[in-house]
Amino acid sequence: MRHLVGISLAALLLASVGNHAVAAPAAETSVAYIGFACALSSPVEASVRIGRSMANAAQLAVDAANRQKIRINGKEVTFELLTQNDNSDLRTAPIVAEYFVKRGVIGVIGHGNSGTSMAASAVYSRAGIPQLAPSASSRAYTQQGFQTTFRMVGNTEKGGKYLAEYAVQTAGLKRIAVIDNGIASGHAFAETFAQAVRAQGAEITSHDSVSYKTSDFSSVLSAAKNNNPDAIFWGGLYDQAVMLVQAMQRLNINVPLISGANSIISPRFPKQAGTVANQIISLEASQPIEKLKGWKNFQRGYEEDFGSYIDPYAPLAYDAAQVLIAAVKQANSLAPDKITAALHSIRFNGLTGAIAFNGEGDLVAPVFSIYALRNQQWQLLQVIDGK
């Protein structure tokens, strides 16, 4: 069983100092480096688990491509995945990006969330290197005017609308308290959801922001409880969602939690949160993995190499690597600018479905899935074609 581990930040910093950085490979070289960046070691276990699973999936795609002995401009090319740990930190992400530029990567898969993806994106744009984010759903990521930004998931502008429609029209929730994690992506998702709730004729009873580092939700939940909401919406990441659910149960707030946190539908969530009395309604900006064509083959190959845990976002990282390599073949070049141009016109059938990007780098035909946690089990409620 293989285990992928990112280079430490200390090694990264050493590699990027002075004149000792590795020179960018010429376009005709036989080795093509692909960057992968996410949280690969961190005090937050969930972020690391997601990051490592996505890194493993990207490596599977690279290995499969190398078995094909792909030739570019008449010369056989070997693809090599360079993994880097950004600690899910907004300050570290641009340092990782600069390292990838110095290494001469042809493209980057990452980063692990909208905040770190956006923090690194300007570096890639200046270098002309395409960036494919497997799990960055914030609408703002592809609204920066960069030709190099692409995403593998549906964006929050659409996702927030669909989640609000389900909450109000199907679940019958009319009074909803909103809490977000205080960073741009989480706040924007919460605002989108709140606007869509109001458009459905329902009420936002309160909207509060907390620090993305906080573990204490007592005061904000107590304040929200005073307004007697039918549900609470969380605009933030997985790790805090666990603590938020636990706090709701301690405070006897017995209403549903609505969330779009990445990978919350993992079976590990109810194990970490404990026995969850609250119903949880969650949006995932992708297709249900059990409905993916080729899922069983992917699952078998992944488990043989890396073990049994496959994060829900791993197939998206796999397809990010696949579509990047497909763009290399279409461009018949290892030049990042030509690969970027190819990505803007590519039509590729991947594990997660048909992949094509609009002018901003968003998916042309994103799919969203809505789940509910009931009796400690995730149940698929609805699949939405977001075209």
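Summarised in this report is the structure supplied together with it. (Residues numbered from 1 in each chain as written. Predicted model: local features only at pLDDT ≥ 70, side-chain atom pairs only at ≥ 80, totals over all residues. Heavy atoms only, no water.)

**Focus: helix α4 (residues 114-127)**
Spelled out, the test is: Under the scheme used here, helices are H or I runs from DSSP no shorter than 4 residues and strands are E runs no shorter than 2 residues, and both carry numbers assigned from the N terminus. In this scheme, a helix's expected span is set at 1.5 Å multiplied by one less than its residue total. Working definition for bend: take the seven residues up to and ending at a residue and the seven starting at it, fit an axis to each, and measure the angle between the axes. Each residue is placed in one exposure class: buried if its accessible area under a 1.4 Å probe, protein chains only, is under 20% of its type's maximum, exposed if it is over 50%, and partly exposed if it falls in between. Pairs of residues are marked as contacts when any of their non-hydrogen atoms sit within 4.5 Å.
Here α4 contains 14 residues, and its C-alpha end-to-end distance of 20 Å stays within 8% of the 20 Å for a straight helix at 1.5 Å per residue. S121 marks where α4 bends most, by close to 35°. Considered for burial, the residues of α4 that qualify are S114, G115, T116, S117, A120, S121, V123 and Y124. Where α4 is buried, its residues touch α3 (92-103), β5 (107-109), β6 (131-133), β7 (149-151) and α6 (184-199).

**Brief notes about the pairing of strand β16 (residues 377-385)**
Note the following rule: We treat two strands as partners when DSSP finds at least two bridges between them.
Relative to β16, strand β15 (residues 367-374) runs antiparallel, the two sharing 8 bridges. Residue pairing across strands places Y371 opposite L380, the latter belonging to β16. Adjacent in sequence and paired antiparallel, β15 and β16 are bridged by 2 residues, among which N375 carries a positive phi angle near 55°.

**A few points about the packing of aromatic side chains**
Here is the rule: In summary, the pairing rule links any two rings of Phe, Tyr or Trp, Trp by its six-membered ring, whose centres are within 6.5 Å, and it sorts them by plane angle into stacked for under 30 degrees, edge-to-face for over 60 and tilted for everything else. Here, over-ring charges are defined by two tests on the NZ atom of lysine or the CZ atom of arginine: distance to the ring centre within 6 Å, and angle to the ring normal within 35 degrees.
For the coordinates displayed, the defined rule picks out 12 aromatic pairs. The lysine or arginine in question, R49, covers the ring of Y309, its NZ or CZ lying 5.6 Å from the ring centre. If you follow R103 out to its NZ or CZ, it ends over the ring of Y33, 5.0 Å from the centre.

**Observations regarding the environment of K293**
Inspection of the secondary structure assignment puts K293 in the loop between β12 (280-284) and α10 (295-306). Note: C-alpha distance between K293 and P315 (22 residues apart in sequence) is 11 Å.

**Here's the deal with the packing of helix α11 (residues 314-331) against helix α12 (residues 336-345)**
How we decide: Only the contacting stretch of a helix is used when fitting its axis, a line to C-alpha atoms as for every element, and angles between N-to-C directions run 0 to 180 degrees. With respect to orientation, any angle under 35 degrees is reported as roughly parallel, any angle over 145 as roughly antiparallel, any angle of 65 to 115 as roughly perpendicular, and every other angle as oblique.
In contact at an axis separation of 8 Å, α11 and α12 are set at 105° when each is read in the N-to-C sense. It follows from the interaxial angle that α11 and α12 lie roughly perpendicular. Contacts from V323, L324, A327, V328, Q330 and A331 of α11 reach α12 at K338, I339, A342, L343 and S345.

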